[in-house]
Amino acid sequence: MYSRRLFYYVSRINRGSRVPGRFDNSSVGKTFFSTTNRNAYPATSNAAFLSSSNYKKSASKFFVAACSVTAAVGTLAYCNANPLHAEETAKFAGKKGTSSERTFIMIKPDGVTRGLVGDIISRFEKRGYKLVAIKSLVPSRQLAEQHYADLSTRPFFKGLVNYITSGKAPVVAMVWEGKDVIRQGRIMIGATNPLDAAPGTIRNTYSISIGRNIIHGSDSFDTAEQEIGLWFGKPGELASWEPANWNWIMAEN
Ligand SMILES: Nc1ncnc2c1ncn2[C@@H]1O[C@H](COP(=O)(O)OP(=O)(O)OP(=O)(O)O)[C@@H](O)[C@H]1O
């Protein structure tokens, strides 16, 4: 991926720095680094050549090319250091903004015990999203604490972990895939506090208490990556498949 990008930058620089008769060499590397092809000007003295406008043009072209290379190298270094932000492509969460984007959705024990699993799955299915992983389990304390690690200092943290791990009912953990599924999933779920959730959302339709709001959904691309990796990180846990109606749902004209 990065070598393709490097080739793109180098070929752009080459196009921009080309001066007919001077830089028009056949080799890409030679074209770029050969700034003064003296053989092209056999009758010109060194002093005359240095003060000539051709020399100045060459020098400025070389300067622009050097700056471009520096920028390209910097960009590549940044991409390597921050692959998630650079390409917004991740191992588990797919590619952001495309039909391969994925989110983690969990029906909490209250949603399961109240018999809401079917309706919640049906909402995502009918919308057109693709189910790529599902399992029912009672999470270990360690898993629940890891999942909600960002809330560990909040006063309700212990109660939240107790409720998720009680075993009175399991959770149903899922991964859904499709365009904009992370943001759309949050919209379909509704506000954290069901009393603030918009009419028709899952939390508004089925819940009242913030401590029993029946469902969780990843709130960002980075979070989706972490959560899918945490709950479905073993090889083979995410199915790669295409529903028969996928193109009818995802196609653009
Ligand atoms: N004030 C609170 N009292 C009790 N429980 C709370 C409170 N605030 C949040 N929670 C619980 O902690 C969960 C995580 O809270 P967070 O702020 O991450 O909201 P969220 O991202 O909408 O919820 P979730 O992570 O479950 O999708 C909430 O879904 C809710 O069950």
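Residues numbered from 1 in each chain as written. Predicted model: local features only at pLDDT ≥ 70, side-chain atom pairs only at ≥ 80, totals over all residues.

1. Quick notes on the UniProt feature "domain: Nucleoside diphosphate kinase-like" (unreviewed entry) in the protein chain
Look at the UniProt record and you will see "domain: Nucleoside diphosphate kinase-like" (unreviewed entry) annotated at residues 100–240. Counted over residues 100–240, helix gives 41% and strand 17%. Its end C-alpha atoms are 10 Å apart. (UniProt positions renumbered as here; feature names shortened; annotations may be inferred. Helix = DSSP H or I, 4+ residues; strand = E, 2+ residues; numbered from the N terminus.)

2. Description of the site of the ligand
As a structural note, the neighbourhood of the ligand is formed by L151, F156, L160, T192, I210, G211, N213, H216, G217 and D219. In terms of residue class, the shell around the ligand is made up of 4 nonpolar, 5 polar and 1 charged. (Near = placed C-beta within 6 Å. Nonpolar A, V, L, I, M, F, W, Y, C, P; charged D, E, K, R; others polar.)

3. Overview of the nonpolar core
Counting residues in each nonpolar core, the largest one holds 33 residues, and the members touching the most others are M106, I107, I215 and I228. Looking at this core, the elements that each hand over two or more residues are β3 (102–107), α7 (117–127), α9 (157–165), β5 (171–177), α10 (181–189), α11 (202–206) and α12 (221–232). Top contributing element to this core by residue count: β5, with 6 residues. Excluding residues within four positions of it along the chain, I107 makes contact with V112, L116, V117, I120, V171, V172, I214 and I215. (Core = buried A, V, L, I, M, F, W, Y, C linked by C-beta atoms within 7 Å. Buried ≥ 20, exposed ≤ 12 C-beta atoms within 10 Å, placed from the backbone. Contact = placed C-beta atoms within 7 Å.)

4. A short note on the sheet that holds strand β6 (residues 215–217)
Remark on secondary structure: sheet strands pair via backbone hydrogen bonds, oriented parallel or antiparallel. Pairing is antiparallel across the open sheet formed by 4 strands, whose spatial order is β4-β5-β3-β6. Pairing within the sheet leaves two strands with one partner each, and these edge strands are β4 (130–137) and β6. Here the average twist between neighbouring strands, direction ignored, is 15°. Direction of pairing for β3 relative to β6: antiparallel, over a ladder of 3 bridges. By the bridge assignment for β6, I107 is matched with I215. On the sheet, α12 packs against β3, β4 and β5 and is oriented at approximately 60° with respect to β3. (Pairing = 2+ DSSP bridges. Axes fitted to C-alpha atoms, helices over the stretch in contact; angles between N-to-C directions.)

5. Observations regarding the UniProt feature "active site" (unreviewed entry) in the protein chain
Sequence positions flagged by UniProt for "active site" (unreviewed entry) are, in local numbering, H216. For H216, the location among the structural elements is in strand β6. Accessibility expressed as a C-beta count within 10 Å gives 21 for H216, which makes it buried. Setting aside chain neighbours within four positions, we find H216 in contact with I105, M106 and K108.

6. What to know about unusual backbone geometry
Peptide bonds are mostly trans, and most non-glycine residues show a negative phi. One non-glycine residue, D180, adopts positive backbone phi at about 60°. By secondary structure assignment, the location of D180 is in the loop between β5 and α10. Classification of D180 as partly exposed rests on a count of 15 C-beta atoms within 10 Å. The backbone of I214 sits at a positive phi, close to 60°, despite the residue not being glycine. Within the fold, I214 resides in the loop between α11 and β6.

7. Comments concerning the environment of R183
Topologically, R183 is positioned in helix α10. The partly exposed category is assigned to R183, around which 18 C-beta atoms lie within 10 Å. Taking the C-alpha atoms as reference points, R183 and D219, 36 residues apart in sequence, are found 7.2 Å from one another.

8. A look at the pairing of β5
Of all 7 residues in β5, 7 are buried, a share of seventy percent or more. On β5, burial covers both faces: V171, A173, V175 and E177 on one face and V172, M174 and W176 on the other are all buried. Of the strand pairs in this sheet, β4 and β5 are connected by 7 bridges, and their pairing is antiparallel. By the bridge assignment, L131 is partnered in β5 with W176.

9. Remarks on the confidence of the model for the protein chain
Residue-level pLDDT values for the protein chain average 79, and 66% of them are 70 or greater. When pLDDT is averaged over each helix and strand of the protein chain, the minimum, 30, is found for helix α2 (residues 28–33) and the maximum, 99, for β3. Taken as a whole, residues 78–84 scores under 50 in pLDDT and shows 7 contacts with residues more than four places along the chain or in a different chain. For this predicted complex, the interface confidence reaches an ipTM of 0.96, while the overall pTM sits at 0.71. (pLDDT = per-residue confidence, 0-100.)

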